[in-house]
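# Secondary and tertiary structure notes
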Amino acid sequence: MKSRFNRLYRATVLFCIFFLFSLCSLAGQEIPGDTLPDTARDTSCIAPEGLPEIQVSALEDLAAAERWWYGWLAGYTAATAGQGVVFFISDSKTLRQDMALGAATTFLGAMGQLITPVVSKESDYPSYREYSSGEKSLSAEQAAGLLKALAVREKEGRSWKTHAIAGVVNLGSGLITWLGYNRTFMDGLENFALNTLITEAQIWTQPMKAVRDYEKYCQKTGPGTETMTSGRDGEWSWSIHPGGFYVRYVF
């Protein structure tokens, strides 16, 4: 009974924290497929004479990405601190194990955010407020470069590599719970499932509007640009038939 309570307590606390901090990134974002035209990998469609609204689009997408980034950083930090406090004040061995492992996992999540900033530290883009008020300027070429960087980052954030890295960390956490702490297989499976829920929520709440905005920009400034469908990295497909089903990924 106590073990079940500990699992429910940990799951409820973590889920509530991450749900609250992910709300800011859900509002009003557009999420196309995990695709980006090949033009995002070169600068041929980045021209000084851009669209009149390119600056506004780039700065709005930057603000959305930063809200998502800071929200999840704050969520991971709060979860790490909260689980650390519970670890030190609890007398339950099982709960202390859960909190220690949970804090280590969320600490890795916070570090992951810090080492993958939205834009490089050297960049000095104005905020939307600074640009709209005239305090700072942003040329069309700079805005297009920013939009390209955001689009590439968004695509990488949804790539199979990101899912795989998160999966390895989550699997390791589940194995430590099961084998390292000498707990039941179900304890390890629940730990893996909970952490997977959190990391997948982080991945899928990432704003993706810059991908679409950059493609529109390239289509208007560079004739012949590949479409989202033709420029994607791969495609998932699945089918159900009598006696079974299949899942396929075409590169």
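These remarks concern the structure in this document. (Residues numbered from 1 in each chain as written. Predicted model: local features only at pLDDT ≥ 70, side-chain atom pairs only at ≥ 80, totals over all residues. Heavy atoms only, no water.)

When you go through the chain residue by residue, the secondary structure sums to eight helices and two strands. Its helices and strands in sequence order give the chain the pattern α-α-α-α-α-α-α-α-β-β, from N to C terminus. Taking all contacts inside the chain whose residues are at least 6 apart in sequence as the whole, residues at least 24 apart take part in 77%. Only carbon and sulfur atoms are counted for the fraction: they give 64% of the accessible area of the chain, which is about 14000 Å². (Helix = DSSP H or I, 4+ residues; strand = E, 2+ residues; numbered from the N terminus. Contact = heavy atoms within 4.5 Å. Areas by Shrake-Rupley, 256 points an atom, 1.4 Å probe, with all protein chains shown as cover.)

Before going further, it helps to examine the nonpolar core. I54, L62, V118, L146, L147, L150 and Y214 are the most contacted members of the largest nonpolar core, which totals 28 residues. Counting residues per element, the ones that place at least two in this core are α2 (54–89), α5 (140–157), α7 (185–204) and α8 (209–221). Setting aside residues no more than four positions away along its own chain, L62 makes contact with V118, V119, Y125, L146 and L150. (Core = buried A, V, L, I, M, F, W, Y, C linked by side-chain atoms within 4.5 Å. Buried < 20%, exposed > 50% of the residue type's maximum accessible area, 1.4 Å probe, protein only.)

So, on to the pattern of salt bridges. Evaluated as defined, the whole model comprises seven salt bridges. With a closest N to O distance of 2.9 Å, E135 and R129 form a salt bridge. Here E135 and R129 have matching classes, each one exposed. When salt bridges with common partners are traced through the structure, they connect D61, K209 and D213 into a single cluster. (Salt bridge = Lys/Arg side-chain N within 4 Å of Asp/Glu carboxyl O.)

Turning our eyes to something else, we now look at the packing of α2 against α8. At a minimum axis separation of 10 Å, α2 and α8 run at an interaxial angle of 160°. Taken together, the axes of α2 and α8 lie roughly antiparallel to each other. Pair α2 / α8 crosses with left-handed handedness. Along its contact with α2, which presents I54, S57 and D61, the element α8 presents K209, A210, D213 and Y217. Split into classes, the residues belonging to the contact of α2 with α8 amount to three nonpolar, one polar and three charged. (Axes fitted to C-alpha atoms, helices over the stretch in contact; angles between N-to-C directions. Parallel < 35°, antiparallel > 145°, perpendicular 65-115°, else oblique. Left-handed = near helix turned anticlockwise from the far one by under 90°. Nonpolar A, V, L, I, M, F, W, Y, C, P; charged D, E, K, R; others polar.)

Along the chain, the position of A143 falls in helix α5. Residues A143 and Q55, 88 residues apart in the sequence, show an inter-C-alpha distance of 5.1 Å. The residues touching A143, leaving out its near neighbours within four places in the chain, are I54, Q55, A58 and L138.

Here we take up the side chain of D213. Of note, D213 is situated in helix α8. Given a relative accessible area of 11%, D213 falls into the buried group. Separated by 2.8 Å, the side chains of D213 and K209 make a polar contact. Not counting residues up to four positions away in its chain, the partners in contact with D213 are S57, D61 and L147. (Polar contact = N/O pair within 3.5 Å; in protein donor to acceptor, adjacent residues only side chain to side chain.)

So, on to a nonpolar patch on the surface. Where nonpolar side chains cluster on the molecular surface, the patch consists of F107, L108, M111, L114, I115, I165 and V169 and spans about 670 Å² of accessible area. When residues of the nonpolar patch are traced back to their parent elements, those giving at least two are α3 (93–114) and α6 (160–180). Counting residues per element, the nonpolar patch draws most heavily on α3, which supplies four residues. Along the chain, the position of L108 falls in helix α3. (Patch = residues over 30% accessible without salt bridge, like charges linked within 9 Å, V, L, I, M, F, W, Y side chains within 5 Å.)

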